[in-house]
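# Results of the structural survey
Residues per chain, in single letters:
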Amino acid sequence: KQESHNKENHISIQLQPTDKKDNQGNPLYAGDTEALIIVSDEYAGIQSIEWSVIAPNNADRNKTDSVNVASDGTLDKDTWEVVKTDHNLVTEVKASIPITHNSNNITIKVLITDNAGNTSEQQVKLSIDKTAPDIQITFDGKTSDTTCPL
C-alpha cells in the first residue's frame, strides 16, 4: 500500500561536499558537479525511475530521463548500476548524474515507481556560479584621496 511505502526512505540524492551556500542556503559550487542518486525498494522492487535536473536560467542544459527495470532484472540504460537484487527483483540501483549548469535554484528531482505501483519523490536544490567577478576601478589621476593613504 502507498501508506506503508510512504513511511520508508527510497531515494537518496547525495551532492558533492561544499562549504559554500547561496543566498537561499542551497549548496553553492564554482564549477560542474555531480549528484549520486541511490534508489531502493526492498519489498516490491524497483519498476522505474524518472529524474530531472532543471535550472530556470540555463534551460539548454536541463535534462530529463528515465530508466526502466525489465522482468529479467536488466536496466534499459547503462548509466545506472544494479546494486542489490532479491531473486527476480531489483531492489537497489545507483547512478552519478552530472550537473553542468551555471544557475541558481537548480533542482534535481527523482521519482521512483515500485512493482506494486507505489511512488516516492524527492528533490534537492543547489546553485552553480561559474561567472568570474568583474571589478572595474577608474581613477582620473587628478583628484587626491585623503582617506586612503598610500
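Residues numbered from 1 in each chain as written. Predicted model: local features only at pLDDT ≥ 70, side-chain atom pairs only at ≥ 80, totals over all residues. Heavy atoms only, no water.

### Concerning the overall build of the chain
Helix and strand counts for the chain come out as one helix and nine strands. The order of α-helices and β-strands along the chain, N terminus first, is α-β-β-β-β-β-β-β-β-β. Here the C-alpha atoms of the chain give a radius of gyration of 22 Å, more than 25% beyond the 15 Å that 2.2 N^0.38 yields for 150 residues. For the chain, the spread of C-alpha atoms along the three principal axes comes to 80 × 30 × 25 Å. (Helix = DSSP H or I, 4+ residues; strand = E, 2+ residues; numbered from the N terminus. Rg over C-alpha atoms; globule rule 2.2 N^0.38 Å.)

### Focus: the pattern of salt bridges
Per the counting criterion, the structure on display carries five salt bridges. Across the pair K130 and D32 runs a salt bridge, and its minimum N-O distance is 2.4 Å. Taken together, the residues span a long stretch of sequence, with K130 in the segment after β9 (119–128) and D32 in the loop between β2 (28–29) and β3 (33–40) at a distance of 98 residues. According to the relative accessible area criterion, K130 is partly exposed, its value standing at 35%. (Salt bridge = Lys/Arg side-chain N within 4 Å of Asp/Glu carboxyl O. Buried < 20%, exposed > 50% of the residue type's maximum accessible area, 1.4 Å probe, protein only.)

### Considering the confidence of the model for the chain
Residues at a pLDDT of 70 or more form 91% of the chain, whose mean pLDDT is 91. Confidence, expressed as mean pLDDT per element, reaches its minimum in the chain at helix α1 (residues 2–6) with 63 and its maximum at strand β1 (residues 11–15) with 98. (pLDDT = per-residue confidence, 0-100.)

### A look at the sheet that holds strand β6 (residues 81–86)
The strand order across the open sheet built from four strands is β1-β3-β7-β6, with neighbouring strands paired in antiparallel fashion. Lying at the two open borders of the sheet, with one neighbouring strand each, are β1 and β6. Put simply, the sheet's adjacent strands are angled 15° from each other on average, direction ignored. (Pairing = 2+ DSSP bridges. Axes fitted to C-alpha atoms, helices over the stretch in contact; angles between N-to-C directions.)

### What about the sheet that holds β9?
The sheet built from five strands is open, its strands ordered β2-β9-β8-β4-β5 with mixed pairing. With partners counted over all chains shown, the strands left at the sheet margins are β2 and β5 (63–68), one partner each. Bridge analysis of strand β8 (residues 106–114) against β9 gives eight bridges, and the strand direction is antiparallel. If you follow L111 over to β9, its bridge partner there is E121.

### Quick word on unusual backbone geometry
Of note, H87 is a non-glycine position whose phi angle comes to about 55°, a positive value. Phi is positive for N105, close to 55°, though the residue is something other than glycine. Note on placement: N105 falls in the loop between β7 (89–99) and β8. Of the residues examined, N105 reaches a relative accessible area of 23% and is grouped as partly exposed.

### Some points on the pairing of strand β4 (residues 46–54)
When β4 meets β8, the two strands line up antiparallel, connected through eight bridges. Bridging across to β8, I49 finds its partner in I112. Judged from the six bridges that link them, β4 and β5 form a sheet pairing that is antiparallel. What sits directly across from V53, in β5, is K63.

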